[in-house]
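# Report on the structure
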Amino acid sequence: MSNKTEGTLFFDPESGRYDIRFGMDSFYGGLHCGECFEVKINNTWVPVRIEMGDDWYLVGLPIAKLSGLTVRM
């Protein structure tokens, strides 16, 4: 059984980083380049790594809109 926590990916304009909201008042605290987690796509968990180029992107998943994705870590 997995001890990973599910949440929702969102962009925090104050920090300029993506973050994960786990609950109403529970946040990861801001993702940094190279951090790994999983994204749920069509009921399948896909391992990814977040990076920054011209914009934030996920290595291993060619998706443009990151906000709102269900993630776990």
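What counts, and where the lines are drawn
- Sequence order sets the numbering: in each chain, residues are counted from 1 along the sequence as written.
- For this predicted model, a pLDDT threshold of at least 70 governs which residues receive local features, and a threshold of 80 or more governs which side-chain atom pairs are given and counted, while totals over whole chains, interfaces and linings are taken from all residues.
- The basis for every side-chain value is the complete set of non-hydrogen atoms in the structure, without hydrogens or water.
- To qualify as a helix, a DSSP run of H or I must reach at least 4 residues; to qualify as a strand, a run of E must reach at least 2; elements of each kind are numbered from the N terminus.
- Only protein chains enter the accessibility calculation, which uses a 1.4 Å probe; a residue is then buried when its area is under 20% of its type maximum, exposed when over 50%, and partly exposed in between.
- Here, a strand pair is defined by DSSP locating no fewer than two bridges between the strands.

- Under an unreviewed UniProt entry, the name given to the protein chain is DUF5348 domain-containing protein, and the organism recorded is Clostridium scindens.

### Some words on the environment of Phe 27
- Relative to the helices and strands, Phe 27 resides in strand E3 (residues 26-27).
- The partly exposed category is assigned to Phe 27, whose relative accessible area is 39%.
- Between the alpha carbons of Phe 27 and Leu 9 there is a distance of 9.9 Å; along the sequence they are 18 residues apart.

### A closer look at the sheet that holds E3
- As summarised here, the arrangement of the 7 strands in space is E3-E2-E1-E7-E4-E5-E6, forming an open sheet in which the pairing is antiparallel. Each edge of the open sheet carries a strand with a single partner, namely E3 and strand E6 (56-59).
- In the sheet, strand E4 (residues 36-41) pairs with strand E7 (residues 70-72) via 2 bridges, with the strands oriented antiparallel. By the bridge assignment for E7, Glu 38 is matched with Arg 72.

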